[in-house]
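# Chain and residue survey
Residues per chain are reported as follows:
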Amino acid sequence: MPHRIHPSILNANLASLDEEIRRIPSADAVHLDVMDNHFVPNLTIGLPVVESIRANHPGTFLDAHLMITDADRHAPAYAEIGCESVTFHLEASAAPVRTARAIRALGAKASVGLRPQTPIEPLADIITEFDMVLIMTVDPGFGGQSFLTSMLPKIRRTRDIVQRSGADIWIQVDGGVSESTIDQCLDAGADVFVAGSAVFRGEDPDAVVRGLRDRPGTPCRH
């Protein structure tokens, strides 16, 4: 299957979100960075804004990435309002399996996110509880950071765990994704890519999305 591109609105014009989302019609999803100034040192959008985006873009796949504390309490609400995928961080969850099952029960994909320093191996025995694993390739909290090449072995280990499970689980990479780094991630086994700065700081964001998807030697989506 072709890989997926999920542009992040973190580097978009937050005062004109509806217009910014309409600038990326080729995107497979819109990645919504929800930050609470506790789990990460930044404050962005929350449930009311995401609910408004859902109402204004009914046909758009919304990929909510929750960088918040007390994820077990808050994550299911994003599935309830209609996000197609909800990512909560393992570091912010006391009951990841229960939370993932609650998200799935509401009809959304359940995803677990890992900071760079968090290993993938402890999730091996419960990996099938998730529809996607998000490997952070920067420290979460701010856009525009440089890609951490040290995360490539972790992506490979995640791919090995997923393949051994036999389940259809996406591996998402978030942080520093651009035309100069995406091929390394593809080779390592990732298949979903979050790009913020590379997309919205370009003159034609949708052209950047198409360029990231149609990489040499990888399946192209038309």
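Residues numbered from 1 in each chain as written. Predicted model: local features only at pLDDT ≥ 70, side-chain atom pairs only at ≥ 80, totals over all residues. Heavy atoms only, no water.

## Topic: the packing of aromatic side chains
Evaluated as defined, the whole model comprises two aromatic pairs. Measuring from ring centre to ring centre gives 6.4 Å for phenylalanine 61 and tryptophan 170, while their planes differ by 35°; the resulting arrangement is tilted. Here tryptophan 170 lies in strand β7 (residues 170-174) and phenylalanine 61 lies in the loop between α2 (47-56) and β3 (62-67), a separation of 109 residues in the sequence. Take tryptophan 170: its relative accessible area is 16%, and that puts it in the buried class. (Phe/Tyr/Trp six-rings, centres within 6.5 Å; stacked < 30°, edge-to-face > 60°. Helix = DSSP H or I, 4+ residues; strand = E, 2+ residues; numbered from the N terminus. Buried < 20%, exposed > 50% of the residue type's maximum accessible area, 1.4 Å probe, protein only.)

## Examining the packing of helix α3 (residues 71-80) against helix α4 (residues 96-105)
At a minimum axis separation of 9 Å, α3 and α4 run at an interaxial angle of 15°. Considered as vectors, α3 and α4 are oriented roughly parallel to each other. Seen along the crossing, α3 lies across α4 with a hand that is right-handed. Together, Ala71, Asp72, Ala75, Pro76 and Ala79 of α3 and Pro96, Thr99, Ala102 and Ile103 of α4 make up the contact between the two elements. (Axes fitted to C-alpha atoms, helices over the stretch in contact; angles between N-to-C directions. Parallel < 35°, antiparallel > 145°, perpendicular 65-115°, else oblique. Left-handed = near helix turned anticlockwise from the far one by under 90°. Contact = heavy atoms within 4.5 Å.)

## Some words on the pattern of salt bridges
Any two side chains of opposite charge can pair, so long as their charged atoms come close to each other. Scanning the model with the defined rule gives eight salt bridges in all. Note that glutamate 20 and arginine 23 form a salt bridge whose closest N and O atoms lie 2.7 Å from each other. Using a relative accessible area of 7% as the deciding quantity, one classes glutamate 20 as buried. With a relative accessible area of 30%, arginine 23 lands in the partly exposed category. (Salt bridge = Lys/Arg side-chain N within 4 Å of Asp/Glu carboxyl O.)

## A short note on unusual backbone geometry
Positive phi outside glycine occurs at asparagine 37, with the angle close to 65°. Mapped onto the fold, asparagine 37 is located in the loop between β2 (30-35) and α2. Although it is not a glycine, aspartate 70 sits at a positive phi angle of roughly 55°. One can find aspartate 70 in the loop between β3 and α3.

## Overview of the nonpolar core
Formed by 65 residues in total, the largest nonpolar core has its most connected members in Val86, Ile155 and Phe193. When residues no more than four places from it in sequence are discounted, the contact partners of isoleucine 155 are Ile135, Thr137, Ile171, Val173, Cys185, Ala188, Gly189 and Ala190. Of all hydrophobic cores here, the second largest spans five residues; its members include Ala29, Met132, Trp170 and Val192. (Core = buried A, V, L, I, M, F, W, Y, C linked by side-chain atoms within 4.5 Å.)

## Side note on α2
Buried within α2 we find Val50, Ile53 and Arg54. All buried residues of α2 lie within an arc of 100° about the axis, which places them on one face of the element. In α2, the exposed residues that point more than 90 degrees away from the buried face are Pro48 and Ala55. For α2, the secondary structure elements touched by its buried residues are α1 (17-22), β2, β3 and α3. (Arc of directions from axis to C-beta.)

## Some thoughts on helix α5 (residues 152-165)
Note that an α-helix has 3.6 residues per turn; residues three or four places apart therefore point the same way. With 14 residues, α5 ought to run about 20 Å at 1.5 Å a step, and its terminal C-alpha atoms sit 20 Å apart, in line with that. Looking only at α5, the buried set comprises Leu152, Lys154, Ile155, Thr158, Arg159, Ile161 and Val162. Tucked into the core, α5 has its buried residues touching β5 (109-114), β6 (132-136), β7 and α6 (182-188). In the stretch just after α5, glycine 166 is the one whose phi turns positive, near 75°. (Expected span 1.5 Å × (residues − 1).)

## Considering the side chain of aspartate 72
Turning to its location among the elements, aspartate 72 is positioned in helix α3. No salt bridge is formed by the buried aspartate 72. Its closest oppositely charged neighbour is arginine 98, at 4.8 Å. Only 2.8 Å separates the side chain of aspartate 72 from the backbone nitrogen of alanine 94, close enough to count as a polar contact. A distance of 2.6 Å separates the side chain of aspartate 72 from the side chain of threonine 99, its partner in a polar contact. (Lys, Arg positive; Asp, Glu negative; His and termini not counted. Polar contact = N/O pair within 3.5 Å; in protein donor to acceptor, adjacent residues only side chain to side chain.)

## So, the sheet that holds β5
An order of β1-β8-β7-β6-β5-β4-β3-β2 is seen for the eight strands of this open sheet, with the pairing classed as parallel. Looking at which strands have only one partner, the edges of the open sheet turn out to be β1 (4-7) and β2. Averaged over all pairs of adjacent strands, the angle between strand axes in this sheet comes to 25°, irrespective of strand direction. As paired elements, β7 and strand β8 (residues 192-195) share three bridges and run parallel to each other. By the bridge assignment for β8, glutamine 172 is matched with valine 192. Where α5 meets the sheet, it contacts β5, β6 and β7, and its direction lies at approximately 165° from that of β7. (Pairing = 2+ DSSP bridges.)

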